[in-house]
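Structural overview for review
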Amino acid sequence: MEVGAVKVGFIGIGTMGKPMAINIIRAGYSLIVNDVNEQAVQELVKLGAQKAQNPCECAQQSDVIITMLPNNAIVEQVLLGENGIFAGAKPGVCLIDMSSVAPSFTQKMAKRAAEKGLGYVDAPVSGGVKGAAGGTLTIMVGGETELVNQIRPLLEVLGKKIYHVGPVSSGDAVKVVNNLLLGINMAAVAEAFTLGTKLGINPQTLYEIISVSSGNSYALTAKMPNFVFKDNFTPGFSIDLQYKDLELAVQTAKELKIPMMLMNVAQQLFEQARANGLGKEDISAVIKPLEELMGIKVRL
């Protein structure tokens, strides 16, 4: 995949998508962008991207198309809508869906893509806005080996660790499992620290001990000192998005007819936070309803 010769379409230039698109421009690819946010589009046009009026027009001009969108429904509309990608993409074009969606949904879209002679790869990411900006994302890829090898140079612009985990939908399966653990761990950390603080232990002391003990986790080390302790809930990853990812896990478990108890409890804690108007705040804000319940605040 020669950089200068490849035209990359990018649809979904939001919090994560915009820095990813910027890295593609900086790497020397020709970029065509489309998004409902006109301001974000214009920012990228100033950096050298071309604007497409809709996903169909974006697809018509692209050799590879990346989608980075919020949920199944929006991905489906962008792919299958009247002015969608499938209406404009030429046979042989590869679609890379980097959204976090259900594995069963990806299988359905990949089948539709194959019927039109299009390649389809799912490549969800982990690493947040910082990873997107720095090009250091972890990318979990599902798709045919030959196709994944073809797009790997482009993925390496966006991520530091690229894992080809299996056939199409495997990347989304790994992402569902990863974000299920993140949600449960964050809920557990929030509950544990409100309990410890209620018992009169200094939160900093709790952190110093647990971070070098068996209770340690990413949720603890990333979210407590940088967000909760500082009373800073500007989202790195929002409660609404975490709730959506837990819902993907719930949906997948139902499809497989398997019980998942901790998942459902964690989802209810995030639902409570959403009910309290905290959906746009960082996932660490899941601690706030617990703090209110216990009549304390876990701050330094």
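Structure: see above.
Residue numbers run consecutively from 1 along every chain, following the written order of its sequence. The model is predicted, so local features are restricted to residues of pLDDT at least 70 and side-chain atom pairs to those at 80 or more, both for listing and for counting; the totals for chains, interfaces and linings are taken over all residues. To get the side-chain values, take all heavy atoms of the structure and skip hydrogens and water.

A few words on the pairing of strand S8 (residues 137-142). Of all six residues in S8, five are buried, a share of seventy percent or more. DSSP-based pairing: two strands are paired if at least 2 bridges between them are found. Strands here mean DSSP runs of E at least two residues long; helices mean DSSP runs of H or I at least four residues long; both are numbered from the N terminus. Direction of pairing for strand S7 (residues 125-126) relative to S8: antiparallel, over a ladder of two bridges. Considered in S8, the bridge of serine 126 is made with threonine 138. Read as a crossover between parallel neighbours, the route from S8 over helix H8 (residues 145-158) to strand S9 (residues 159-166) is right-handed. With a 1.4 Å probe rolled over the protein chains alone, any residue whose accessible area is under 20% of its type maximum counts as buried; one over 50% counts as exposed, and the rest are partly exposed. With its strands directed away from the observer, a crossover is right-handed exactly when the path from the first strand over the helix to the second travels clockwise.

If you look at the biggest cluster of nonpolar residues, it comprises 59 residues, and the most contacted ones within it are Ile85, Leu95, Phe193, Met224 and Phe270. Examining the composition of this core, we find that nine residues originate from one element, helix H9 (residues 170-198), more than from any other. Setting aside residues no more than four positions away along its own chain, phenylalanine 270 makes contact with Gly183, Met186, Ala187, Ile239, Gln242, Tyr243, Leu246, Ile283 and Val286. Only buried residues count toward a nonpolar core, which is a set of Ala, Val, Leu, Ile, Met, Phe, Trp, Tyr and Cys residues joined through side-chain atoms within 4.5 Å. In terms of nonpolar packing, the next biggest core, distinct from the first, is built from 38 residues, Phe10, Ile22, Met68 and Val141 among them. Any two residues whose heavy atoms approach within 4.5 Å are treated as being in contact.

What follows deals with helix H6 (residues 103-115). Given 3.6 residues per turn, any residue in an α-helix points the same way as the ones three and four places further on. Helix length check: H6 (13 residues) gives 19 Å between terminal C-alpha atoms against 18 Å at 1.5 Å per residue, within 8%. Restricting attention to buried positions, one finds in H6 the residues Pro103, Phe105, Thr106, Met109, Ala110 and Ala113. In a view along the axis of H6, the buried residues occupy a sector of 145 degrees, so they form one face of it. Residues of H6 that are exposed and point over 90 degrees away from its buried face: Lys111 and Glu115. Take the residue count of a helix, subtract one, and multiply by 1.5 Å to get its expected span. The directions from the helix axis to the C-beta atoms are what the arc is built from.

Attention now goes to the packing of helix H1 (residues 17-26) against helix H2 (residues 38-46). Here an axis means a line fitted to C-alpha atoms, over the contact stretch when the element is a helix, while the angle between two N-to-C directions is reported on a 0 to 180 degree scale. At their nearest, the axes of H1 and H2 sit 10 Å apart, and the two run at 20 degrees to each other. Relative to H2, the element H1 lies roughly parallel. For the crossing formed where H1 meets H2, the hand is right-handed. Within the contact between the two elements, H1 uses Lys18, Ala21, Ile22 and Ile25 and H2 uses Ala40, Glu43 and Leu44. Residues are sorted three ways: Asp, Glu, Lys and Arg are charged, Ala, Val, Leu, Ile, Met, Phe, Trp, Tyr, Cys and Pro are nonpolar, and all the rest, Gly among them, are polar. Across the contact of H1 with H2, the residue classes break down as five nonpolar, no polar and two charged. Each angle is binned into one of four classes, with values under 35 degrees roughly parallel, values over 145 roughly antiparallel, values of 65 to 115 roughly perpendicular, and all other values oblique. Two helices that cross are described as forming a left-handed crossing if the nearer one is turned anticlockwise from the farther one by less than a right angle, and a right-handed crossing if clockwise.

Among the residues of helix H4 (residues 72-80), Asn72, Val75, Val78 and Leu79 are the ones counted as buried. Taken end-on, H4 shows its buried residues confined to a sector of 135 degrees, consistent with a single buried face. With respect to the buried face of H4, the exposed residues turned more than 90 degrees away are Ala73 and Gln77.

So, on to the packing of aromatic side chains. Geometry of an aromatic ring pair is reported as the spacing of the ring centres plus the angle between the planes. Whether two aromatic rings pair depends on their centres lying within 6.5 Å, for rings of Phe, Tyr and Trp, where Trp uses its six-membered ring; planes under 30 degrees apart make the pair stacked, over 60 edge-to-face, and the rest tilted. In this structure the tally under the stated criterion is two aromatic pairs. Geometrically, the ring pair formed by phenylalanine 193 and phenylalanine 229 is tilted, given 6.2 Å between the ring centres and 55 degrees between the ring planes. Of the two residues, phenylalanine 193 sits in helix H9 while phenylalanine 229 sits in the loop between helix H11 (218-228) and helix H12 (239-256), which places them 36 residues apart along the sequence. For phenylalanine 193, a relative accessible area of 2% gives the class buried. Pairing tyrosine 207 with phenylalanine 229 gives two aromatic rings, centres 6.0 Å apart and planes at 80 degrees, and the pair type is edge-to-face. Note that tyrosine 207 is positioned in helix H10 (residues 203-210) and phenylalanine 229 in the loop between H11 and H12, a separation of 22 residues in sequence. Comparing tyrosine 207 with phenylalanine 229 shows no difference in burial state: the two are buried. Seen from the ring of phenylalanine 227, lysine 223 lies directly overhead, with NZ or CZ sitting 4.3 Å from the centre. Charge-over-ring placement is defined geometrically: NZ (Lys) or CZ (Arg) within 6 Å of the ring centre, and within 35 degrees of the ring normal. The cationic tip of arginine 274 hangs over the ring face of tyrosine 243; the distance from NZ or CZ to the ring centre is 4.0 Å.

These figures come from the coordinates and say nothing about function on their own.
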